[in-house]
Amino acid sequence: QANPTPYDLIGEALLYKLIDVFYENVSHHPELKPIFPEDLTETVRRQKQFMTQYLGGPSLYTEEHGHPMLRARHLPFEITPSRAEAWLSCMRQAMDTVGLAGDIREFYYHRLRLTAQHMINTTDQDE
Ligand code: HEM
């Protein structure tokens, strides 16, 4: 392909594996566990749809759920700076586990960091 998208470069198989490992990490993280559902099946399914379109692949999320409105969808949860950092650490760990490396990792992680920053909707307890 002449102009591969980040989605093309990563590939569906690796992206899906990354998301599976990411939520496995989230389910064990003391700061994140309390705000996520116990059964993450549907969360994983939606995140695979979302990340596919976020990385320039087909608009799977929007086709089924409409506009992502990510910040609004996160408002019911207390997203503190510390939780955003925890989310990103679960992602870095998942990237290490599945062996996502190099420029594409840096590009993807940078975008995730900006989006995570944008999701913060409250301060940490002691601030
Ligand atoms: C859903 C937490 C960052 C994308 C959720 C849910 C929680 C959550 C608790 C609801 C899970 C459920 O009920 O199924 C957080 C925290 C973040 C964060 C603590 C830290 C900053 C992000 C980022 C992205 C993202 C950076 C995208 C780049 C999504 C998507 C959903 C979701 C697509 C599913 C929305 C839906 O229900 O359709 N998140 N999130 N989140 N999050 Fe996050």
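Cut-off values and rules
Residues numbered from 1 in each chain as written. Predicted model: local features only at pLDDT ≥ 70, side-chain atom pairs only at ≥ 80, totals over all residues. Heavy atoms only, no water. Phe/Tyr/Trp six-rings, centres within 6.5 Å; stacked < 30°, edge-to-face > 60°. Helix = DSSP H or I, 4+ residues; strand = E, 2+ residues; numbered from the N terminus. Buried < 20%, exposed > 50% of the residue type's maximum accessible area, 1.4 Å probe, protein only. Lys NZ or Arg CZ within 6 Å of the ring centre and 35° of its normal. Axes fitted to C-alpha atoms, helices over the stretch in contact; angles between N-to-C directions. Parallel < 35°, antiparallel > 145°, perpendicular 65-115°, else oblique. Left-handed = near helix turned anticlockwise from the far one by under 90°. Contact = heavy atoms within 4.5 Å. Nonpolar A, V, L, I, M, F, W, Y, C, P; charged D, E, K, R; others polar. Donors = N, O, S within 2.8 Å, 3.2 Å for Na, K, Ca; no water. Near = heavy atom within 4 Å. Polar contact = N/O pair within 3.5 Å; in protein donor to acceptor, adjacent residues only side chain to side chain. Salt bridge = Lys/Arg side-chain N within 4 Å of Asp/Glu carboxyl O.

Asks: Explain the packing of aromatic side chains here, please?
Replies: One pair of aromatic rings is described through two measures. These are the centre distance and the angle between the planes. Across all of its chains, the model carries five aromatic pairs by this definition. On the basis of an interplanar angle of 35° and a centroid distance of 5.3 Å, the ring pair of Phe50 and Tyr54 is categorised as tilted. In this pair, Phe50 and Tyr54 both sit in helix H3 (residues 41-54), four residues apart, roughly one turn of the helix. Like Tyr54, Phe50 is buried. Taken together through their ring pairs, the aromatic side chains of Phe22, Tyr23, Phe36 and Trp87 make up a single cluster. One Lys or Arg, Arg111, reaches over the ring of Tyr54 and ends 3.9 Å from the middle of that ring.

Asks: How should the packing of helix H6 (residues 81-98) against helix H7 (residues 102-119) be read in this particular structure?
Replies: In helix packing, the relevant descriptors are the interaxial angle and the interaxial distance, both defined with respect to the helix axes. Remark: H6 packs on H7, axes separated minimally by 10 Å, with the N-to-C direction vectors making an angle of 165°. As the angle between them shows, H6 and H7 are arranged roughly antiparallel. For the crossing formed where H6 meets H7, the hand is right-handed. Contacts between H6 and H7 involve Ala84, Trp87, Leu88, Met91, Arg92, Met95 and Asp96 from the former and Arg105, Tyr108, Tyr109, Leu112, Arg113 and Ala116 from the latter. The class makeup of the residues in the contact of H6 with H7 is nine nonpolar, no polar and four charged.

Asks: Quick question: what am I supposed to make of the coordination of the iron atom of the ligand here?
Replies: Metal coordination angles have textbook ideals: 109.5 degrees for a tetrahedral set of four donors and 90 or 180 degrees for an octahedral set of six. Looking at the protein side alone, the iron atom of the ligand has one donor only, His74 (NE2), at 2.0 Å. Mapping His74 onto the fold places it in helix H5 (residues 70-74).

Asks: Can you walk me through the site of the ligand in this structure?
Replies: Lining the immediate surroundings of the ligand are 22 residues, of which Thr43, Arg46, Tyr61, His74 and Trp87 lie closest. Between the ligand and Tyr61 there is a distance of 2.5 Å, counted from an oxygen atom to a side-chain nitrogen or oxygen. When residues in the shell around the ligand are grouped by element, the largest group, six residues, is from H3. Within the shell around the ligand, the residues separate by chemical class into 16 nonpolar, four polar and two charged.

Asks: I'm lost on the pattern of salt bridges in this one. Help?
Replies: Pairs can form between side chains of opposite charge whenever their charged atoms are close. The full count for this structure, using the stated rule, is six salt bridges. For Arg45, the salt bridge is made with Glu64, and the minimal N-O distance between the two is 2.6 Å. With Arg45 in helix H3 and Glu64 in helix H4 (residues 60-65), this pair connects stretches of sequence that are 19 residues apart. Classification of Arg45 as partly exposed rests on a relative accessible area of 34%. Among the ionic pairs, Arg105 bridges to Asp96, the shortest N-O distance being 2.8 Å. According to the relative accessible area criterion, Arg105 is buried, its value standing at 15%. One continuous salt-bridge network, built from bridges that share partners, spans Glu42, Arg45, Arg46 and Glu64.

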